[in-house]
Amino acid sequence: MFIPTTPEEIKKRGWKGLDAVIVSGDTYIDSPYNGASVIGHWLIDNGFRAGIICQPDMDSEKDISRLGEPELFWSVTAGSVDSMVANYTPTNKRRKDDDFTPGGVNDRRPDRACIAYANLIKKHIIGRPIVLGGIEASLRRVAHYDAWSDSVRRSILFDSKADMITYGMAELSNLELAQRMRDGKDTADIRGICRSGKEPPAGYVKMPSYENCAEEKDAFIKAFRIFYENNDPLSSKGICQKHGDRYLIQNPPQRHLTVEEMDRIYSMDYEDAVHPYYLKDGAVKAMDTIKNSITSHRGCYGECSFCAISVHQGRTVISRSEDSIISEAERIASRKGFNGIIYDIGGPTANMYGIECSKKLVKGPCKDKKCLYPKPCSYLPIDHSRQISLLKKVSEIPGVKKVMVTSGIRYDMVVSDQKKGMDYVDRIVGNHVSGQLKVAPEHISPHILELMCKPGPDVLLKFKKMFDDSNAGQGKDQFLTYYFIVAHPGCYMEDMEELYRFVHKELKTNPEQVQIFTPTPSTVSTMMYHTRRDYENTKNLKSEHSMQMKQKQKDVLLGPKAAEYGKKQRKAV
C-alpha cells in the first residue's frame, strides 16, 4: 500500500493527522530502493502514521502544507543522490535530465535540497522539529569540502537550521526518535544522530573546528580522518566539531540491523510503482533501473577512496536470508504483466552477498588494514557458494525466465576464491549475463590504484582470462565492459596515455564508460582533491581542478576520434 501523499489517503486509513511527514527531492517511487519509502513504511509498520511529500513547489505553500503539520517531526531528504550531483555534471554543467522526476526534465529538485526544503518548511509551517536524512545530509554532517563552491562548508545541520540529522541507513535511528518523541523522552543520546549543543558530551573526540578546517589543510585532514575512522557501531566513539559558539555533536553510529530486521524491511508492502499522484506528470526513468530488481545485502568493505558507500552504508556487509530473497522473487514473478526477467540481485557489490569477516562482526573493522586492499585479507572467508545457490534457486522459480546480475562484481574476490571462483564465473556467464558484464578497474597505474585502493591490472587480466575461458567453454560470445575514472587525484596526462595503451593492447577494446572524477562530499578522494595530500598526510599530490584539463584527460583515454566527436557534441549544446 502506498504511503499517504494526499489528505484523502490519510482519511482513507482512518487517521486523524500524521506523526511524521517525509519530504523528498525524488518523486515517490514506492520501492525498497527508495530511502524515503523505506523510512515511511518502517514507521507505519511500527505503529506510527507517516505521510510523504515529494519535490514540493518551492514558490508557494501549496505542496509543503498539503498534509498539515506532523505531530512529531518532519523528515527531510534530498533524495537518492546528493542534489548537487543530481543537478550538475562532473564538468559543472547543469544537467537537463533527472531520472527521479516525472517526465525526466530536471526542473523539480532545488540545489542543496536539504537546506531548501528545511527553509520552505520554516517559512510556511513553524512548529515541529526538522530532521534531515539521506545521503546528502549524511555525507555533509560535519565540515566538508564542497566542489561546487570550491570551499569548505559548515555542517548541513547549521546551514539548514534543522534540529537533527539521522545519518547512515537510518531505520533504527528514526524509529527510536519517533518512539522517544511520542513518549516525551530525551532524544539527545540516540545513536546514529547528529545535533547541536553548547558543550560536547564527556568522552567525545574533538575534531578541529569548522573555522580551523576552512583555513588550514592540515586541520581539514585531521578532522576528516577522525570522521572517517568513527563510522562503525562496534568501534566508534562520539565525535564533535565546533562551529562558531556551538558544537556539531555526532553520537556513535546506530547498531547494525539483524538479518531478521533486514528481511522485515524488504518484505513490507511496497507497491513497486510510482504513486499515481506523481505518475500523472510523466514516466519516471529510474523505474527502468529498479523494476524487478532485488537487494540482497547492504554495506561494502571495498573502501574505494572515491566512493561514499562505506561511509553511508558501512563497511560491514549485512545479508538478507535466502528465504527472504526467494519470497520477494516469488512476489515479483506473480505480478500481473511480469516479463520473466529479474534485472538484478545484488547490492553495492553483487558478489559480497553472504561473505563477511567473523572478527569484524564482533570487534568492528581493523584499524591498520583493509579487507580487500592491497589484496583480500586471509581472515575474509571468500566463498561464492551462497550466491551461486541463491541465483540457482531464484532461477528455478516458476515464471522466471532469466535472472540478471547487473550491480557489478569485485573481480579480485572472484580471482582469490580458489574453491568456487571459477564456478561463480561459469554460473554468471552461462545464466546471468546478457551480452556484457560490467567491472570497474578504474585505472591501471600503480600509484593511482594505491590512492584509489583498487587492485592491480594483473588481477584484472586474470579475471578477464577466467571470463573469456568460460565463454569459450560454453560457446558464448560475451564481453566485459570496463569503467574508468579520469582526473582522479594523483593522475597526470601520461597516466592517461598509459591507460589508453593498456586498454587497446591488453583489453583489446575501446573505452566507453569513462567518467571524470567528481569530488563528492566526505570521500577520501575528495579530501585528497581539496588538500592535494594523501590520506596519511605524508606526500603532495597532483589534483586537477581545471575543467578544461579534466576534459583533456578524458579525451586522451577516449582516443582522437571519440575526443573530436565529443568536442563537436559539447559545442552543439
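Up top is the structure.
In this convention, every chain numbers its residues from 1, walking through the sequence in written order. Only residues with pLDDT of 70 or above have their local features reported here, since the model is predicted, and side-chain atom pairs are shown and tallied only from 80 upward, although totals for entire chains, interfaces and linings are computed over all residues. With hydrogens and water stripped out, all remaining heavy atoms of the structure feed into the side-chain values.

**Some points on the sheet that holds strand S22 (residues 513–516)**
Two strands pair under a simple rule: DSSP has to find at least two bridges between them. Going along the chain from the N terminus, every DSSP run of H or I of four or more residues is numbered as a helix, and every run of E of two or more is numbered as a strand. Read from one edge of the open sheet, three strands run S20-S21-S22, paired in parallel fashion. At either end of the open sheet lies a strand with only one pairing partner, and these are strand S20 (436–442) and S22. Along the sheet, successive strands turn relative to each other by an average axial angle of 20 degrees, direction set aside. Note that strand S21 (residues 479–486) and S22 share four bridges and pair parallel. Its bridge partner being in S22, Tyr483 is matched across the sheet by Gln513. Here helix H20 (residues 457–473) sits on the sheet in contact with S20 and S21, set at roughly 160 degrees to S21. Throughout, an axis means a line fitted to C-alpha atoms (over the contacting stretch in the case of helices), and angles, computed between N-to-C directions, take values from 0 to 180 degrees. Only heavy atoms matter for contacts: two residues are in contact if any of them lie within 4.5 Å across the pair.

**Observations concerning the pattern of salt bridges**
What counts as a salt bridge is simple: a side-chain nitrogen of Lys or Arg found within 4 Å of a carboxyl oxygen of Asp or Glu. For the structure on display, the rule yields 28 salt bridges. Where Arg140 meets Asp146, a salt bridge forms, and the shortest distance between an N and an O atom there is 2.9 Å. The pair Arg140 / Asp146 is uniform in exposure class, with both members buried. Note that Arg315 is salt-bridged to Glu303, the shortest N-O span being 3.4 Å. Pair noted here: Arg315 is in the loop between helix H13 (309–312) and strand S16 (318–319) and Glu303 is in the loop between strand S15 (297–298) and H13, with a separation of twelve residues, a long-range link. In this scheme, a residue with accessible area under 20% of its type's maximum is buried, one over 50% is exposed, and one in between is partly exposed, where area comes from a 1.4 Å probe on protein chains only. Taking the relative accessible area as the measure of exposure, Arg315 reaches 14% and is therefore buried. Accessibility expressed as a relative area gives 7% for Glu303, which makes it buried. What you see here is one network of salt bridges that share partners, running through Asp82, Arg112, Arg140 and Asp146.

**Structural notes on the nonpolar core**
Leu132, Ile342, Ile345, Val394, Ile409 and Phe463 are the most contacted members of the largest nonpolar core, which has 151 residues in total. Ignoring sequence-local partners within four residues, the contact set of Leu132 consists of Val76, Cys114, Ala137, Ile156, Ser160, Ala162, Met164, Ile165 and Thr166. Working definition of a nonpolar core: buried Ala, Val, Leu, Ile, Met, Phe, Trp, Tyr and Cys residues. They are joined through side-chain atoms within 4.5 Å. With eleven residues, the next largest nonpolar core counts Cys300, Tyr301, Ile355 and Leu380 among its residues.

**Things to note about the sheet that holds strand S12 (residues 246–250)**
The nine strands lie next to each other as S3-S1-S4-S5-S8-S9-S12-S11-S10, forming an open sheet whose pairing is mixed. Two strands lie at the open edges of the sheet, namely strand S3 (50–54) and strand S10 (205–207), each paired on one side alone. Strand-to-strand, the axes of this sheet are offset by a mean angle of 25 degrees, without reference to chain direction. As defined by bridge partners, strand S11 (residues 239–243) adjoins S12 across five bridges and the pair is classed as antiparallel. Residue pairing for S12: His243 is matched across the bridge by Arg246. The sheet strands contacting helix H2 (residues 35–45) are strand S1 (20–24), S3 and strand S4 (73–77), and the helix crosses S1 at an angle near 170 degrees. The strands that helix H4 (residues 113–124) touches are S1, S4 and strand S5 (130–133); relative to S4, the one it contacts most, it runs at about 150 degrees.

**Some details on the environment of Leu43**
With respect to the element layout, Leu43 can be found in helix H2. The class of Leu43 is buried, set by a relative accessible area of 2%. For the pair formed by Leu43 and Ala20, sequence separation is 23 residues and the distance between their alpha carbons is 8.5 Å. Beyond its immediate stretch of four places on either side in the chain, Leu43 contacts Ala20, Phe48, Ala50, Asn174, Leu175 and Ala178.

Keep in mind these values describe shape, not function.
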